[in-house]
Amino acid sequence: MKKKLTTVAFQGTPEQKEKLLAVIEKLKDQKGAMMPILQQAQDIYGYLPIEVQKIIAEKTGVSLEEIFGIASFYSMFKLNPDGKYAISVCLGTACYVKGSGDVLDEISKQLNVPIGSTSADGKYSVEATRCLGACGLAPVMTINGEVYGSLKKTDVKTILEKYQ
Ligand code: FES
């Protein structure tokens, strides 16, 4: 699934930048350094803002296009910060065959937040995830870690009302 960038403003602190520069300096000459650099950058910032990708590009000499390609391809990398309410719908096989794709579409529609994005006010983030390890409850989603199972598209409205 193609990830989208949101318009949520990037707010990084000087301390975060200092940590990032130290990580890059330590790893940049090692083979296969980009994955660990991106993982540690995400640990520092909670996601991989384009501003952070630009710093990594500048300091490693790898093109921003290539870095963005990696960050957007792998599901463990987040291009957007979690919303106040972080909604993750499982698209693993057990959930998908029971209609989690429809649930995800319905959530995106009701909140008007594209899948893989965070609303501009930072309130909601909506993403698809791999198996959450609760296949017996399929289809499953979590909102800030709270698990909802045996979901139907028609449940979405009632559940979202709890997160206004
Ligand atoms: S496939 Fe969804 S929890 Fe396992």
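Residues numbered from 1 in each chain as written. Predicted model: local features only at pLDDT ≥ 70, side-chain atom pairs only at ≥ 80, totals over all residues.

Asker: Is there a simple way to explain the pairing of strand β1 (residues 85-90) in this structure?
Answerer: Note on strand geometry: in a regular strand, side chains alternate between the two faces of the sheet. One ladder, built from six bridges, connects β1 with strand β3 (residues 124-129); its direction is parallel. Across the sheet, residue V89 finds its bridge partner in β3, namely A128. In terms of strand pairing, β1 meets strand β4 (residues 141-143) through three bridges, oriented antiparallel. Within β4, the position partnered with I87 by the bridge is I143. (Pairing = 2+ DSSP bridges. Helix = DSSP H or I, 4+ residues; strand = E, 2+ residues; numbered from the N terminus.)

Asker: Even after reading the chapter, I still don't get unusual backbone geometry, so can you show me in this structure?
Answerer: What you tend to see is this: most non-glycine residues have negative phi, and most peptide bonds are trans. Residue P139 is bonded to the preceding A138 through a cis peptide linkage, with omega at -5°. Tracing the backbone shows P139 in the loop between β3 and β4. Although it is not a glycine, N112 adopts a positive phi angle of roughly 60°. Tracing the backbone through its elements, the reader meets N112 in the loop between α6 (100-111) and β2 (117-118). Here N112 falls in the exposed class, since 9 other C-beta atoms lie within 10 Å of it. The residue N144 is not glycine, and still its phi comes out positive at about 50°. The class of N144 is exposed, set by 12 C-beta atoms lying within 10 Å. (Buried ≥ 20, exposed ≤ 12 C-beta atoms within 10 Å, placed from the backbone.)

Asker: I would appreciate a short explanation of the sheet that holds strand β5 (residues 146-148) in the present structure.
Answerer: Backbone hydrogen bonds hold the strands of a sheet together, and the pairing may be parallel or antiparallel. Reading across the sheet, the five strands line up as β2-β3-β1-β4-β5 and stay open at both edges, with mixed pairing between neighbours. Edge positions in the sheet fall to β2 and β5, since each of these pairs with one other strand and no more. α6 rests against β1, β3 and β4 of the sheet, and its axis sits at about 155° to β1. (Contact = placed C-beta atoms within 7 Å. Axes fitted to C-alpha atoms, helices over the stretch in contact; angles between N-to-C directions.)

Asker: Looking at this structure, I do not really get the domain arrangement of the protein. What am I missing?
Answerer: Interface size, as often reported, equals the accessible area lost upon joining of the parts. Taken domain by domain, the protein consists of domain 1 (14-73) and domain 2 (85-161). Between the C-alpha centres of domain 1 and domain 2 the distance comes to 29 Å. (Domains from an automatic or database assignment.)

Asker: Mind showing me how you'd approach the nonpolar core here?
Answerer: Soluble, globular proteins show a tendency: their nonpolar side chains are buried together. In terms of nonpolar packing, the biggest core is built from 18 residues, with V89, V103, I107 and M141 touching the most fellow members. Of all the elements in the fold, those that place two or more residues in this core are β1, α6 and β3. What V103 contacts, discounting residues up to four positions off in sequence, is V89, P139, M141, L151, K153 and V156. Listed in part, the 12 residues of the second largest apolar core include V23, Y45, I67 and A71. (Core = buried A, V, L, I, M, F, W, Y, C linked by C-beta atoms within 7 Å.)

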